[in-house]
Amino acid sequence: MIVVRTWAVALTGLRGELIEVEADITQHKPDFRLIGMPDKALGEAVRRVTNACENSGLALPDRRLTVNLSPASLPKQGSGFDLAVALAAVATDGRLDPESLVRAVHIGELGLDGRVRAVPGVLPAVLAAVAAGRTRIVVPEANRAEAELVGGADVVGVRTLAEAARLHGADVDDPVLEGPRGEDPAETAPGGDGGDALDLADVVGQPEAVEALVVAAAGGHHLLMSGPPGAGKTMLARRLPGILPALDDESALEVASVRSLCGEPVRALTRTPPFEAPHHSASLAALVGGGSRKASPGAIARASRGVLFIDEVAEAPRSVLDALRQPLESGTISIHRAGFVASFPARFQLVLACNPCPCGEFGTTGGTCTCSPAEVRRYAGKISGPLLDRVDIDLRMQRVSRIDDDKRGAVSSSDARARVTDARRRAAERLAGTPWRTNAQVPGTWLREGPRRLSGTARITLDGALERGLVTLRTYDRVTRVAWTIADLAGRDEPNANDVGRALFLKKGVSA
């Protein structure tokens, strides 16, 4: 008999590699061996495949069967190889068309009765297959809508192993499968909180904070909000995704791929940027992602192209917060394990919120703080300086002291989104021909020495603050970025002195 071949996909992070699944039988004592560096879940495929084939009317040959997953040096995890292994094994005795089999990529887990169950990560797997030139993809029916999001893919959804075998010429009836189908991960996993139903107009009595949020959205700036409980910090943060521009096709596919890898349902491309709000007690692994055998995305990767919000940030472990620094600079998060390195996207907008002191009343109008000066300093010092240096806007908030019955001045999310989209368009046009598209991405040297260097008149306030030691050079650059965003929102070609003064106030809470 000839060696029978088909294809599957191995995922390492969001990167997929085509795996050649080849099967052969020999005249030896009946046996079934799976080789090619499978993990424990994949190694158990032998029993799943054997029973599924028997119960589907596709009993395996009574000889020694060897299935190899190539390249053997690449680690392979999970049960998504079951369908490819089963079809290659069945084809060794000539019941399937080998030419049809080798043209297709197969993804899916088998139940013992022959059902093809949904698996996580179908979207990035199909993307990898199409990029490698393999366009005919056979997936579980529960994952078909997800796989069809990839342009150029000829997707076939199957419910049973027998149905998949008939695609390749098998003469077999589809067995009657009674009883509940069981739960598919793609159907039962919870979705994320995108915040798209929350309107900025719900925020009452905080016009300065609303405008600061719009500035942060327009320039892609990281934001820290400090203030007493009840000031509206969380309310504002949850409305940030709703005023960000809609995701383009590439970004939406990236977001959907991460959701797919997490086992969340993917029926269509979501255009609202994601919103992740891990609890301040979350572990380093929960934030960064990880796993000993299989690397799973953490909150950082799930927030990519959207917002990562950490409330009560002063209560979070410092080691966890410092893990944000490298992804903020590089836009990626890498998880290193013995035998593989998994990389995930990390292009998120960071929003931090904290109280001014442990009791939350320090500096609050009408409040009585019970904390000692040492406790206040210790609390404020829990956020490291290097992390604060990466924050462009430091917003100090107070509780609402007055409610205006006239809501005509309230800013809606749709109005704010229109302003943000227009400001980003102006920035993108100005930055055409450079690697950057938002003001927050522009390096300081280009701002200070490039063709868009601010005039001496516009810089006079900021230069004075630098001379008096009120700001560092890094802060100088961040203030300049925010000033450009304020000018973009106002429709000006470049920042004036008022824009720079406003940006300095948003960063340091001072004017010079």
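Residues numbered from 1 in each chain as written. Predicted model: local features only at pLDDT ≥ 70, side-chain atom pairs only at ≥ 80, totals over all residues. Heavy atoms only, no water.

**Describing the overall build of the protein chain**
- Helix and strand counts for the protein chain come out as 22 helices and 18 strands.
- Burial statistics for the protein chain: of 512 residues in total, 52% are counted as buried.
- Long-range pairs, those at least 24 residues apart, make up 74% of the contacts in the protein chain between residues at least 6 apart in sequence.
- Each charge sign in the protein chain was given a centre, from 62 positive and 63 negative side chains, and these centres are 5 Å apart. (Helix = DSSP H or I, 4+ residues; strand = E, 2+ residues; numbered from the N terminus. Buried < 20%, exposed > 50% of the residue type's maximum accessible area, 1.4 Å probe, protein only. Contact = heavy atoms within 4.5 Å. Lys, Arg positive; Asp, Glu negative; His and termini not counted. Charge placed at Lys NZ, Arg CZ, Asp CG, Glu CD.)

**A short note on the sheet that holds strand S11 (residues 275-276)**
- Pairing is parallel across the open sheet formed by five strands, whose spatial order is S11-S14-S17-S10-S18. Only two strands of the sheet have a single partner each, and these edge strands are S11 and strand S18 (393-396).
- The pairing of strand S14 (residues 307-310) with strand S17 (residues 349-354) spans four bridges and is parallel. By the bridge assignment, Phe309 is partnered in S17 with Val351. (Pairing = 2+ DSSP bridges.)

**Thoughts on the nonpolar core**
- Ile107, Ile300, Leu308, Leu324 and Phe348 are the most contacted members of the largest nonpolar core, which totals 53 residues.
- Counting residues per element, this core draws most heavily on helix H5 (residues 122-131), which supplies six residues.
- Leaving out residues up to four positions away in the same chain, Phe348 has contacts with His222, Ile300, Ala303, Ser304, Arg305, Gly306, Leu308, Leu324, Pro327 and Leu328. (Core = buried A, V, L, I, M, F, W, Y, C linked by side-chain atoms within 4.5 Å.)

**What about the UniProt feature "domain: MCM C-terminal AAA(+) ATPase" (unreviewed entry) in the protein chain?**
- UniProt feature "domain: MCM C-terminal AAA(+) ATPase" (unreviewed entry): in the numbering of this structure it lies at residues 298-356.
- Along residues 298-356, the helical share is 25% and the strand share 37%, with 28 Å between the first and last C-alpha atoms. (UniProt positions renumbered as here; feature names shortened; annotations may be inferred.)

**A look at the pairing of S17**
- In terms of burial, S17 is a largely internal element, six of the six residues being buried.
- Residue alternation in S17 divides its side chains into two sets, Gln349, Val351 and Ala353 and Leu350, Leu352 and Cys354, and both sets are buried.
- For strand S10 (residues 223-226) and S17, the ladder comprises four bridges, and the chain directions are parallel. Paired with Ser226 across the strands is Cys354, a residue of S17.

**As for helix H9 (residues 207-219)**
- Given a rise of 1.5 Å per residue, 13 residues ought to cover 18 Å, and the 19 Å separating the end C-alpha atoms of H9 matches this to within 8%.
- Those residues of H9 that sit buried are Ala209, Val210, Ala212, Leu213, Val214, Val215, Ala216, Ala217, Ala218 and Gly219.
- Directly after H9, the chain includes Gly220, whose backbone phi takes a positive value near 70°. (Expected span 1.5 Å × (residues − 1).)

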